[in-house]
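Residue-level structure breakdown
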Amino acid sequence: MKAVVQYEYGSADVLDLVEIAKPDIGDDEVLVSVRAAGIHIGDWLVMNGLPYMIRAMGYGLRKPKNTVLGTEVAGRVEAVGTNVDQFQPGDDVFGWCTGAFAEYVAVSEDALATMPTNVTFEQAAAVPISGFTALQAARDKGELQAGHKVLVVGASGGVGTFTVQIAKSLGAEVSGVASTRNLEMVRSLGADHVIDYTQEDFTESEQRYDVIIDTAGNRSLSQLRRALTAEGTLVIVGGSGGRWLMGTGRSMGAALSSPFIGQTLRPFISSPNKPDLLALKQLVESSDVTPVIDRTYPLDKVPDAMGYLGDRHTQGKTVITV
Ligand SMILES: NC(=O)c1ccc[n+]([C@@H]2O[C@H](COP(=O)([O-])OP(=O)(O)OC[C@H]3O[C@@H](n4cnc5c(N)ncnc54)[C@H](OP(=O)(O)O)[C@@H]3O)[C@@H](O)[C@H]2O)c1
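Counting from 1, residues in each chain are numbered in the order their sequence is written. In view of the model being predicted, local features appear only for residues whose pLDDT reaches at least 70, and side-chain atom pairs are presented and counted only at 80 or more, with totals across whole chains, interfaces and linings using the full set of residues. Where side-chain values are given, they derive from all heavy atoms of the structure, hydrogens and water being excluded.

Let us look at the domain arrangement of the protein chain. Residue ranges for the domains originate in an automatic or database domain assignment. Taken domain by domain, the protein chain comprises domain 1 (2-127 + 291-321) and domain 2 (130-267). Taking only C-alpha atoms into account, the centre of domain 1 sits 27 Å from that of domain 2. It only takes one pair of heavy atoms within 4.5 Å for two residues to be counted as in contact. Opposite the 17 residues of domain 1 that make contact, domain 2 presents 18 residues. The buried area of a pairing is the accessible area, by a 1.4 Å probe, that goes missing from both parts when the two are put together, added over both. Across the domain 1/domain 2 interface, buried area totals approximately 1,500 Å², and carbon plus sulfur atoms make up 60% of it.

For the rest of this paragraph, the subject is the environment of asparagine 48. Each helix is a run of H or I in the DSSP string that is no shorter than four residues. Each strand is a run of E no shorter than two, and both are numbered from the N terminus. Along the chain, the position of asparagine 48 falls in helix 1 (residues 41-48). Residues asparagine 48 and proline 291, spaced 243 residues apart in sequence, show a C-alpha to C-alpha distance of 26 Å. Each residue touching asparagine 48, except ones within four places of it in the same chain, is listed here: Tyr9, Gly10, Ser11 and Arg55.

Moving on, we get to the packing of aromatic side chains. For Phe, Tyr and Trp, rings pair up if their centres lie within 6.5 Å, where Trp contributes its six-membered ring, and each pair is then called stacked (planes under 30 degrees apart), edge-to-face (over 60) or tilted (otherwise). The tally for this structure, following the rule as stated, stands at 1 aromatic pair. Here tryptophan 96 and phenylalanine 132 contribute two aromatic rings whose centre-to-centre distance is 5.4 Å and whose plane-to-plane angle is 85 degrees, an arrangement assigned as edge-to-face. You can see tryptophan 96 sitting in strand 5 (residues 92-96) and its partner phenylalanine 132 sitting in helix 3 (residues 128-141), a full 36 residues away along the chain. As far as burial versus exposure is concerned, tryptophan 96 and phenylalanine 132 are alike and both buried. Over the ring of tyrosine 104 we find lysine 22; its NZ or CZ atom is 4.3 Å from the centre of that ring. The rule is short: NZ of Lys or CZ of Arg within 6 Å of the ring centre and within 35 degrees of the ring normal puts a charge over the ring. Between the NZ or CZ atom of arginine 295 and the centre of the ring of tyrosine 308, over which it lies, the distance is 3.8 Å. The buried label applies to any residue whose accessible area, calculated with a 1.4 Å probe on protein chains only, is under 20% of its type's maximum; exposed applies above 50%, and partly exposed to all values in between.

To continue, consider helix 3. The α-helix advances 3.6 residues per turn, and as a result positions three or four apart in sequence lie on the same side. For a helix, the expected span equals 1.5 Å multiplied by the number of residues minus one. For helix 3, which comprises 14 residues, the first-to-last C-alpha distance of 18 Å matches the rise-based estimate of 20 Å (1.5 Å per residue) to within 8%. Across the 14 residues of helix 3, 11 count as buried, placing the element largely inside the fold. Along helix 3, the residues that are buried comprise Pro128, Ile129, Ser130, Gly131, Phe132, Thr133, Ala134, Leu135, Gln136, Ala137 and Ala138. Following helix 3 by one or two positions, glutamate 143 adopts a phi angle in the positive range, close to 45 degrees.

In this structure, Phe101, Val150, Ile166, Met306 and Ile320 are the most contacted members of the largest nonpolar core, which totals 80 residues. Excluding residues within four positions of it along the chain, isoleucine 320 makes contact with Arg35, Ala36, Ala37, Ile39, Phe101, Tyr297, Pro298, Leu299, Val302 and Ala305. Only buried residues count toward a nonpolar core, which is a set of Ala, Val, Leu, Ile, Met, Phe, Trp, Tyr and Cys residues joined through side-chain atoms within 4.5 Å.

What follows is about helix 4 (residues 158-169). Taking 1.5 Å of rise per residue, 12 residues should cover 16 Å, and helix 4 covers 18 Å from first to last C-alpha, within 8% of that figure. Most of helix 4 sits out of view: 10 of its 12 residues are buried. Downstream of helix 4 by a residue or two, glycine 171 has a phi angle that is positive, lying close to 90 degrees.

Attention shifts here to the packing of helix 3 against helix 4. Relative to each other, helix 3 and helix 4 sit at 45 degrees, their axes nearing to 8 Å. In terms of axis orientation, helix 3 runs oblique to helix 4. Crossing angle aside, the handedness with which helix 3 passes helix 4 is right-handed. Contacts between helix 3 and helix 4 involve Ser130, Gly131, Thr133, Ala134, Leu135 and Ala138 from the former and Gly158, Val159, Phe162, Thr163 and Ile166 from the latter. To obtain an axis, a line is fitted to C-alpha atoms, over the contacting stretch when the element is a helix, and the angle between two such axes runs from 0 to 180 degrees between their N-to-C directions. Angles are sorted into four bins: roughly parallel if under 35 degrees, roughly antiparallel if over 145, roughly perpendicular if 65 to 115, and oblique for all others. Left-handed describes a crossing whose near helix is turned anticlockwise from the far helix by less than a right angle; the clockwise case is right-handed.

Attention shifts here to the side chain of threonine 318. Of note, threonine 318 is situated in strand 15 (residues 317-321). Accessibility expressed as a relative area gives 0% for threonine 318, which makes it buried. The residues touching threonine 318, leaving out its near neighbours within four places in the chain, are Gly38, Ile39, Arg295, Tyr297, Ala305, Tyr308 and Leu309.

Right, here's the structure in full:
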């Protein structure tokens, strides 16, 4: 089968489209014929081996342990392991995995769900990791309730476009921070208010929010706290700066200071799980959430897709079609 592989860390030119063996499946696994693979900034970071600390956290110190990237998949079941009872060949599925930038990928049956009936493979592949992040940030870490005023910083990105829609579905009053060209798109996702970060600094405004979900990562804790109510909650989704820690310093600062102040500052790392995959499927089927696709690239153009993603101006999600 064709797959995009990387044998060393680095920029997009470490990627090669090559022929490799189709993956074998274990007893609890499903062989998925990949139709589309979502791509997100996490793939770009792992390709680069950034932040450096991830190399010591199991990704491989000198070179990547997993040579095929891609963690979000939608496709058709080709074969199933002997213990698999939730799926059969021919089913259309989506979920999270390792190695989606390939014609086939082996996936645990617990990491898959049948595809939402109302979307394309490309839209389904855009959902899993960005969707988990948005859902868990809004529902679990932000503890959003109907009527809460929530600010989504980075509302036009892969995570932000899901966060705006999920926050609306939870009944919040949503404000989205984006640049001029993305304001209409963010409004069309249901945001009640939009703030153009090229014209206005929300941290200098009088407006206070019950919850801020920060996916852009370029403002300090003290700036963000200024825009929170006295008992408001900050959820730190994204970080930026420094090749060693990439913003994790800010998360550590939040965890250390939070117990001593009225506001709640929560660092956050999303965790994929089947109940949340099913929750996302339901949100998509009810049309509360519609994945926003920016660009699609064929498998042999994954390096171009990575280059685009690395520029950090994606409008929604970028997807690889296979
Ligand atoms: N904690 C977790 O488990 C977890 C999981 C997934 C992702 N993340 C992190 O979350 C962050 C966002 O990921 P993503 O996939 O959504 O990234 P992305 O798709 O690359 O999003 C970038 C978006 O941010 C916008 N943006 C850039 N600067 C901004 C600013 N100053 N204010 C507001 N918006 C700004 C960009 O819009 P313009 O083009 O208009 O600038 C673009 O639409 C990343 O740091 C990623 O590492 C964390």
